[in-house]
Amino acid sequence: MSEEGSDVDRFLALVAAAQGRDIRLTSIQAGLLVAAELGIAGDSRAFARKLGIAHSLVLRELNVLAEREGLLRIVKRDLRTMRVHYMLPPRDEV
């Protein structure tokens, strides 16, 4: 198995584990959380591009996550590009 394949497998396993811990998470929402935790993507466009998902879908899921207390924090919005930067809240705040 290639290293890239194992990285993808690890990412997907972590997404499945996140959904197992919280059944309310969609696959995209869990992916956003895992991507932020692993430092894979900290903004909506980077996440959409890396996973080949429409940016509009990522924005919708990101906004749903941001409305849930303590899961994810939106830190910046670029009105020109619609890019939304996000991060996980510090562990001591969760």
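A short tour of the structure in this document, coming up. (Residues numbered from 1 in each chain as written. Predicted model: local features only at pLDDT ≥ 70, side-chain atom pairs only at ≥ 80, totals over all residues. Heavy atoms only, no water.)

**As for the pairing of strand β1 (residues 73-77)**
Then, in step 1: Bridging between β1 and strand β2 (residues 84-87) involves 4 bridges; their strand directions are antiparallel. Paired with lysine 76 across the strands is histidine 85, a residue of β2.
Then, in step 2: Hairpin connection of β1 to β2: 6 residues between the antiparallel strands, including methionine 82 at a positive phi of 70°. (Pairing = 2+ DSSP bridges. Helix = DSSP H or I, 4+ residues; strand = E, 2+ residues; numbered from the N terminus.)

**A closer look at the packing of helix α3 (residues 44-51) against helix α4 (residues 55-67)**
Then, in step 1: Between α3 and α4, the shortest axis-to-axis distance is 9 Å and the interhelical angle comes to 125°. Overall, the two elements α3 and α4 adopt an arrangement that is oblique. As for the relative orientation of α3 and α4, their crossing is right-handed in sense. Along its contact with α3, which presents Ser44, Arg45, Phe47 and Ala48, the element α4 presents His55, Val58, Leu59 and Leu62.
Then, in step 2: When the residues that make up the contact of α3 with α4 are grouped by side-chain class, the tally is 5 nonpolar, 2 polar and 1 charged. (Axes fitted to C-alpha atoms, helices over the stretch in contact; angles between N-to-C directions. Parallel < 35°, antiparallel > 145°, perpendicular 65-115°, else oblique. Left-handed = near helix turned anticlockwise from the far one by under 90°. Contact = heavy atoms within 4.5 Å. Nonpolar A, V, L, I, M, F, W, Y, C, P; charged D, E, K, R; others polar.)

**Concerning the packing of helix α2 (residues 27-38) against α4**
Then, in step 1: Packing of α2 against α4 leaves a shortest axis separation of 9 Å and a crossing angle of 75°. Between α2 and α4, the interaxial angle falls into the category roughly perpendicular. Facing α2, whose interface residues are Ile28, Gln29, Leu32 and Leu33, α4 presents Leu57, Val58, Glu61, Leu62, Val64 and Leu65.

**Considerations on a nonpolar patch on the surface**
Then, in step 1: Taken together, Leu14, Leu38 and Ile40 make up a surface patch of nonpolar side chains, about 190 Å² in accessible area.
Then, in step 2: One can find leucine 38 in helix α2.
Then, in step 3: We classify leucine 38 as partly exposed; its relative accessible area is 33%. (Patch = residues over 30% accessible without salt bridge, like charges linked within 9 Å, V, L, I, M, F, W, Y side chains within 5 Å. Areas by Shrake-Rupley, 256 points an atom, 1.4 Å probe, with all protein chains shown as cover. Salt bridge = Lys/Arg side-chain N within 4 Å of Asp/Glu carboxyl O. Buried < 20%, exposed > 50% of the residue type's maximum accessible area, 1.4 Å probe, protein only.)

**Examining the environment of valine 64**
Then, in step 1: If you trace the backbone, valine 64 turns up in helix α4.
Then, in step 2: Judged by its relative accessible area of 36%, valine 64 falls in the partly exposed class.
Then, in step 3: When the C-alpha positions of valine 64 and glutamine 29 are compared, they lie 8.3 Å apart, and in sequence the two are 35 residues distant.

**Observations regarding the side chain of histidine 55**
Then, in step 1: Within the element layout of this structure, histidine 55 appears in helix α4.
Then, in step 2: There is a polar contact of 3.5 Å between the side chain of histidine 55 and the side chain of arginine 45.
Then, in step 3: Apart from the residues lying within four places of it in its own chain, the contact partners of histidine 55 are Ser44, Arg45, Ala48, Thr81, Met82 and Arg83. (Polar contact = N/O pair within 3.5 Å; in protein donor to acceptor, adjacent residues only side chain to side chain.)

All we've got here are geometric facts, nothing functional implied.
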